[in-house]
Amino acid sequence: MKKQKFADKHQLKDDLQSDIKEKLMQMKSQLKEEDQERQKREKAEQIRKKKEIEKNKTFEELLNESPLDWHQYK
């Protein structure tokens, strides 16, 4: 009789562990998805900021960044 109760408790313990393990795996996959979404948003924000900076450059900044040497065409 005692052996049977021990076996039942052991099975219950295994079920609880597998349940907890399953929940942890779900949480892991959810966190991974959230991290990927966050990285996508950050990348999109960086691209938007670069475009905004490029759009707001002055003529002098654009001229200084130009690979052409305007001294040659004087």
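See the structure above.
The structure reproduced in this document is the subject of the present report. What you see is a predicted model; the values in this text were computed from it and never measured.

## Regarding the overall build of the chain
Within the chain one finds two helices and zero strands. Counting only carbon and sulfur atoms, one obtains 56% of the accessible surface of the chain, whose full area is about 8,000 Å².

## Some thoughts on a nonpolar patch on the surface
A contiguous nonpolar surface patch, about 300 Å² in accessible area, is contributed by Ile20, Leu24 and Met27. Relative to the helices and strands, Ile20 is located in helix α1 (residues 2-55).

## Considerations on the pattern of salt bridges
Tallying each qualifying case throughout the model produces seven salt bridges. The shortest N-O distance in the salt bridge between Asp35 and Arg38 comes to 2.3 Å. Here Asp35 pairs with Arg38, and both are found in helix α1, just three residues apart, close to one helical turn. Residue Arg48 is joined to Glu45 by a salt bridge in which the shortest nitrogen-to-oxygen separation is 2.6 Å. In this pair, Arg48 and Glu45 both sit in helix α1, three residues apart, roughly one turn of the helix. Of the residues examined, Glu45 reaches a relative accessible area of 33% and is grouped as partly exposed. The network of salt bridges with common partners includes Asp35, Arg38 and Glu42.

Conventions we followed
Residues numbered from 1 in each chain as written. Predicted model: local features only at pLDDT ≥ 70, side-chain atom pairs only at ≥ 80, totals over all residues. Heavy atoms only, no water. Helix = DSSP H or I, 4+ residues; strand = E, 2+ residues; numbered from the N terminus. Areas by Shrake-Rupley, 256 points an atom, 1.4 Å probe, with all protein chains shown as cover. Patch = residues over 30% accessible without salt bridge, like charges linked within 9 Å, V, L, I, M, F, W, Y side chains within 5 Å. Salt bridge = Lys/Arg side-chain N within 4 Å of Asp/Glu carboxyl O. Buried < 20%, exposed > 50% of the residue type's maximum accessible area, 1.4 Å probe, protein only.

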